[in-house]
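# Coordinates in review
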Amino acid sequence: MSDTTPAPLCGNPDCRIAVDGRCVEGFTAELSSCPFYGRAPAEATDVEPDRERVARGPTLPAGEPLSAFEAGLIAAAGETRVMAFVGANDAGKTTLVAAFSEAFQRGRFADHVFEGSTTLFAFERVCHLARAASRRAVAKTERTGRASPLGFYHLALALPLEGRRVQLLLADRAGEDYRGVADLPGEARNFLEMLRADHVTVLVDGERLSDPTQRHNVVGETRLVLEAFKDAGVLRLDQQVHVVLTKLDLVQASAGRAKAEAAYDRLVAEIQDLLAGVVGRVGAFRIAAMPTTGDLPIGHGVDALLRAWTARSAPRPFIVQSAVQSPRRFARYVGPQSTTIAS
Amino acid sequence: MTASILIAGLPGSGKTTFLAALWHLVTSRESSTELTFGGLEQGDYAHLNILARRWREGSEQIRTELGSEKLVSMRLSDAEGLELRADFPDVSGEAFRALWEERNCDPMVADLTGQGARILLFVHADTIRAPRWITEANAELRSMNLQPVTGEETAWTPRAAPTQVVLVDMLQLLLGPVLKGDSGRVGVILSAWDLVEAEELTPEAFLAERLPLLKQYLDGRHGPRAWRAYGVSATGGELESDRDRLLDEDLPSERIKVTGVDCRPHDLTAPLAWLLDRKVA
């Protein structure tokens, strides 16, 4: 660009294309597609308002992950699936959650239709570091901090082809907590979401599995954590366990691909043996929720996982019989059997 | 009867321009409309007259600032001669933005929704922020043999959220258990429609393509019982480049363009008539 070329103009006050040549909306390669490019910068009224001037009205829902109590209210209102996630830090838990938000922003997904969410605000926060607006060159998702309490992301979905509606509650907990269970198995009984979960999704970090220095630790840690939950009696026969290989794009691109995939297949078989007669079913899924290599589409494999989560299940007793009776109401309540879509 | 209509939308979504054009349209009687002007009654029309004057001159409207909101009223009649008084609070877009960003509701908005105001949601059709993922952006750069540029990472702010996410959450809050807005009907005004009409989409199809999350929500159980979308150009073009042409129109009302179900081409009252479930001609 010559010195006499005028600086590019952008109506988005957060964009610094005139400084670093990068479109914050992600259209650097095709500026004409950006809705703000070429426009005058936003007027002063677009600037963050003086907060003192915004009069306080009624208290509104925060849009943050739901507490167990709030999740319980949703579960009481209709057919609900509670998803617990087991996995170490960076295994891809939060990325998977973000992938669902992203999928429905593009339209119907896996024959499911978005009907609402009380945690849209929280979804957006976790998506940020994977978006062009973050100005990152490589996508990542915000890690759930160890100090963060257990929370639930929420999606209200319809399955019009089946005439059903389902509320999804996706548990969010720091990865360090799961590693901690392997160290102190007695802690397993405090995992409220495991006591209530309809589906336990075990995330196996494909990137680490592809690394010969990490592969055996991944397998060993996963096995130990599940042993702890099994021995604590928090798993149930009406639960399904899904063993999910994450970051499939990195697995397929690595030199250790064959070893990684073989290790994953062996791990699935071991878990099936370990949990036979303990849970209803152990399934296998391979996903790339937020691929970085560009070889797989965003959300690869996530559709199959969603279908498994929302599949019709056998009627469950109103009060779940569990080896562990939690004092927390959310952990015990099952909710109505189903909600059909009115014609 | 008195009907309240909450004109909701983010800053720059065309709310004030709509009011200005509407006031001119009904008081001038230049063009055939579903709802007709019922005359002046006791009240203060200064704000509406100022807006309409600027609109006729082809001048940009001054954005409604926080704290300067006005409640404007119009006496209108429907096809059966039934009179109604339509109240429109001209609320700053910042107040609606605060619903999403600060989880705070302006007391005037809360009062109106609590009293059963029907919602007319404004969206600027040409400044929709879509979610744009690093993965997609990098794939495009690679296809052009360019490398991703590393910049200083920015922290998340609610302002960065895609437009449709903000709109869905805004509606969820307005129609939800705290604010209790009237969920019977919601109208969606896609403003600056002249900038996107070359895409040859109906307003509903445009919504499905550019705001798919919003459309799913509107169609779903937690959305309104009925909704319609209208493409509206209350100005008739871009003031910067089209002002001379717009001022040349013999009848200013004919600058206005409305696209939607059962709409006359210049009739801004059509969305209101539908929203209020009034008898139409």
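Here's what I pulled together on the structure shown here. Source: prediction; values computed, not measured.

### Topic: the pairing of strand S1 (residues 2-9) of chain B
Residue and element names in this part refer to chain B.
- Of all 8 residues in S1, 7 are buried, a share of seventy percent or more.
- Both S1 and strand S4 (residues 83-90) contribute to a ladder of 3 bridges, which runs parallel. If you follow Ala3 over to S4, its bridge partner there is Ala86.
- Inspection of the sheet shows S1 paired to strand S5 (residues 118-124) by 5 bridges, in the parallel sense. Residue pairing across strands places Ile5 opposite Arg118, the latter belonging to S5.

### Description of helix H4 (residues 107-114) of chain B
All names here are of chain B.
- Of the positions making up H4, those classed as buried are Val109, Ala110, Leu112 and Thr113. One side of H4 carries all its buried residues, which in axial view fall inside an arc of 165°.
- Those residues of H4 that are buried are in contact with S1, S4, helix H3 (93-101) and helix H6 (163-175).
- At the N-terminal end of H4, a side-chain oxygen is found 2.8 Å from the backbone nitrogen of Met108, two or three residues along, and the residue is Asp106.
- In the segment just after H4, Gly116 is the residue with positive phi, at about 90°.

### Re the sheet that holds strand S1 (residues 80-86) of chain A
Residues and elements named next belong to chain A.
- Here we have 7 strands laid out as an open sheet, ordered S2-S3-S4-S1-S5-S6-S7, and mixed in their pairing. In the strand order of this sheet, the two ends are held by strand S2 (113-116) and strand S7 (281-286), each with one partner. Adjacent strand axes in the sheet meet at a mean angle of 30°, parallel and antiparallel pairs treated alike.
- Sheet analysis places strand S6 (residues 240-246) next to S7, joined by 6 bridges and oriented parallel. Bridge pairing in S7 places Val244 opposite Phe285.
- Packed on one face of the sheet, helix H3 (residues 93-105) meets S1, S2, strand S3 (151-159), strand S4 (164-172) and strand S5 (199-205) and runs near 35° to S3.
- Running at roughly 110° to S3, helix H4 (residues 120-127) makes contact with S2 and S3 of the sheet.

### What to know about the interface of chain B and chain A
- Taken together, the 62 residues of chain B in the interface contact 70 residues of chain A.
- With both sides pooled, the region where chain B packs onto chain A buries about 6100 Å², and carbon together with sulfur makes up 55% of that total.
- On the surface where chain B and chain A come into contact, there are 0 salt bridges.
- Counting across the interface, chain B meets chain A through 15 residue pairs in polar contact (both at pLDDT 80 or more).
- Where the side of chain B that touches chain A is concerned, the elements lending two or more residues are H3, H4, helix H5 (134-143), H6 and helix H8 (212-219) of chain B.

### With respect to the layout of surface pockets
- Quantified by volume, the second largest pocket comes out at close to 780 Å³.
- If you trace the second largest pocket, you find 30 residues lining it, with Pro61, Ser117, Thr118 and His154 of chain A together with Pro177 of chain B closest to the centre.
- Of all the elements in the fold, those that place two or more residues in the lining of the second largest pocket are helix H2 (68-77) and S3 of chain A together with H6 of chain B.
- Within the lining of the second largest pocket, the residues separate by chemical class into 13 nonpolar, 12 polar and 5 charged.

### Looking at the nonpolar core
Residues and elements named next belong to chain A.
- Membership of the largest hydrophobic core comes to 86 residues, with the highest contact counts inside it found for Leu96 and Trp309.
- Every residue in contact with Trp309, bar those within four places of it in the chain, is listed here: Arg81, Met83, Phe85, Leu96, Phe100, Leu168, Leu170, His199, Thr201 and His242.
- Formed by 40 residues, the second largest nonpolar core is a distinct cluster that contains Phe191, Val200, Val218 and Ala228.

Calculation notes
- Residues numbered from 1 in each chain as written.
- Chains lettered and ligands numbered in written order.
- Predicted model: local features only at pLDDT ≥ 70, side-chain atom pairs only at ≥ 80, totals over all residues.
- Heavy atoms only, no water.
- Buried < 20%, exposed > 50% of the residue type's maximum accessible area, 1.4 Å probe, protein only.
- Helix = DSSP H or I, 4+ residues; strand = E, 2+ residues; numbered from the N terminus.
- Pairing = 2+ DSSP bridges.
- Arc of directions from axis to C-beta.
- Contact = heavy atoms within 4.5 Å.
- Polar contact = N/O pair within 3.5 Å; in protein donor to acceptor, adjacent residues only side chain to side chain.
- Axes fitted to C-alpha atoms, helices over the stretch in contact; angles between N-to-C directions.
- Buried area = accessible area lost by both parts, 1.4 Å probe.
- Salt bridge = Lys/Arg side-chain N within 4 Å of Asp/Glu carboxyl O.
- 1 Å grid on protein atoms, 1.4 Å probe; cavity = no way out; pocket = protein on both sides within 12 Å on 5 of 7 lines; lining within 4 Å.
- Points joined across faces, edges and corners; volume = space filled by probe spheres on them.
- Nonpolar A, V, L, I, M, F, W, Y, C, P; charged D, E, K, R; others polar.
- Core = buried A, V, L, I, M, F, W, Y, C linked by side-chain atoms within 4.5 Å.

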